[in-house]
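Each chain is listed here by its residues.
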Amino acid sequence: MNIESLFTSLHALGRVSSAEVPAMTLTRDNSPWYTRALMGGMGWLGGLLVLGFVGAIVSGLFDSAAALLVMAVALFVGSAAIYRHSPHNDFATQFALAASICGQVMMAVAIGKMVGYRSNDATVACLVALMQVVLVWFMPNYLHRFLSTLFAVAAMF
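Residues numbered from 1 in each chain as written. Predicted model: local features only at pLDDT ≥ 70, side-chain atom pairs only at ≥ 80, totals over all residues. Heavy atoms only, no water.

A. Structural detail: the overall build of the protein chain. Within the protein chain, the regular secondary structure consists of six helices and zero strands. Compactness check: the protein chain gives a C-alpha radius of gyration of 23 Å against a globular reference of 15 Å for 157 residues, more than 25% above the reference. Taking the principal axes of its C-alpha atoms as reference, the protein chain extends roughly 80 × 35 × 20 Å. When each of the 157 residues of the protein chain is scored for burial, the buried share is 31%. The contacts in the protein chain between residues at least 6 apart in sequence include a share of 60% that link residues at least 24 apart. Treating the 7 positive side-chain charges of the protein chain as one cloud and the 6 negative ones as another, the clouds have centres 8 Å apart. (Helix = DSSP H or I, 4+ residues; strand = E, 2+ residues; numbered from the N terminus. Rg over C-alpha atoms; globule rule 2.2 N^0.38 Å. Buried < 20%, exposed > 50% of the residue type's maximum accessible area, 1.4 Å probe, protein only. Contact = heavy atoms within 4.5 Å. Lys, Arg positive; Asp, Glu negative; His and termini not counted. Charge placed at Lys NZ, Arg CZ, Asp CG, Glu CD.)

B. Inspection of the packing of helix α3 (residues 65-85) against helix α5 (residues 121-138) at higher detail. Packing of α3 against α5 brings their axes to within 11 Å, and their N-to-C directions diverge by 25°. By the angle between their directions, the pair α3 and α5 is classed as roughly parallel. The element α3 and its partner α5 pack so that their crossing is right-handed. Residues F76, A80 and R84 of α3 lie in contact with α5, whose contacting residues are M131, L135 and F138. The class makeup of the residues in the contact of α3 with α5 is five nonpolar, no polar and one charged. (Axes fitted to C-alpha atoms, helices over the stretch in contact; angles between N-to-C directions. Parallel < 35°, antiparallel > 145°, perpendicular 65-115°, else oblique. Left-handed = near helix turned anticlockwise from the far one by under 90°. Nonpolar A, V, L, I, M, F, W, Y, C, P; charged D, E, K, R; others polar.)

C. Seen up close, the nonpolar core. Core analysis: the largest hydrophobic core is formed by 21 residues, its most contacted members being F76, M107, V128, M131 and M139. Elements that contribute at least two residues to this core include exactly α3, α4 (90-115), α5 and α6 (142-156). In terms of residue count, α4 provides more of this core than any other element does, seven residues in total. In this view, V128 contacts A108, I111 and A155; residues no more than four positions away in its chain are not counted. (Core = buried A, V, L, I, M, F, W, Y, C linked by side-chain atoms within 4.5 Å.)

D. Representation of α6 in the model. Between its terminal C-alpha atoms α6 stretches 21 Å, which fits the 21 Å expected from 15 residues at 1.5 Å a residue. Among the residues of α6, those classed as buried are H144, L147, S148, A152 and A155. Seen from one end, α6 has its buried residues packed into an arc of 145°, which puts them on one side. Residues of α6 that are exposed and point over 90 degrees away from its buried face: Y142, A154 and M156. Where α6 is buried, its residues meet α3, α4 and α5. At the N-terminal end of α6, a side-chain oxygen is found 2.9 Å from the backbone nitrogen of L143, two or three residues along, and the residue is N141. (Expected span 1.5 Å × (residues − 1). Arc of directions from axis to C-beta. Polar contact = N/O pair within 3.5 Å; in protein donor to acceptor, adjacent residues only side chain to side chain.)

So, in structure tokens, the structure goes:
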């Protein structure tokens, strides 16, 4: 039995008003939960591998606060572009989230190097919280916004 014969049978029984098959579109919820979980895990693994690859290639740049700042901003812009380009691709959105979190860590280290870790912890925490607030405004993904809000609250405490 195919979908056309099903609707013809339902129309003959009086269950549907028309024997025409309604237009169906695939939505994000049509994929099973385990597929989305697997794609999310692979997105995180991909993000960590990219961070490790970039770290191995440009390990000397990790000593410079300015270089960390530039790489963090590049990761933020790339993540936002991925979110805007493919909002319903589970792998891409999780990869963008992992890359953005890597950028957040780089930005926090860069802020710490610029301000000084030991001398002024409160200033570093406030700047990290401010970065999270900007990311809540900038990133078009609900999960990213939620995590950035949590990170901002954690930085303030």
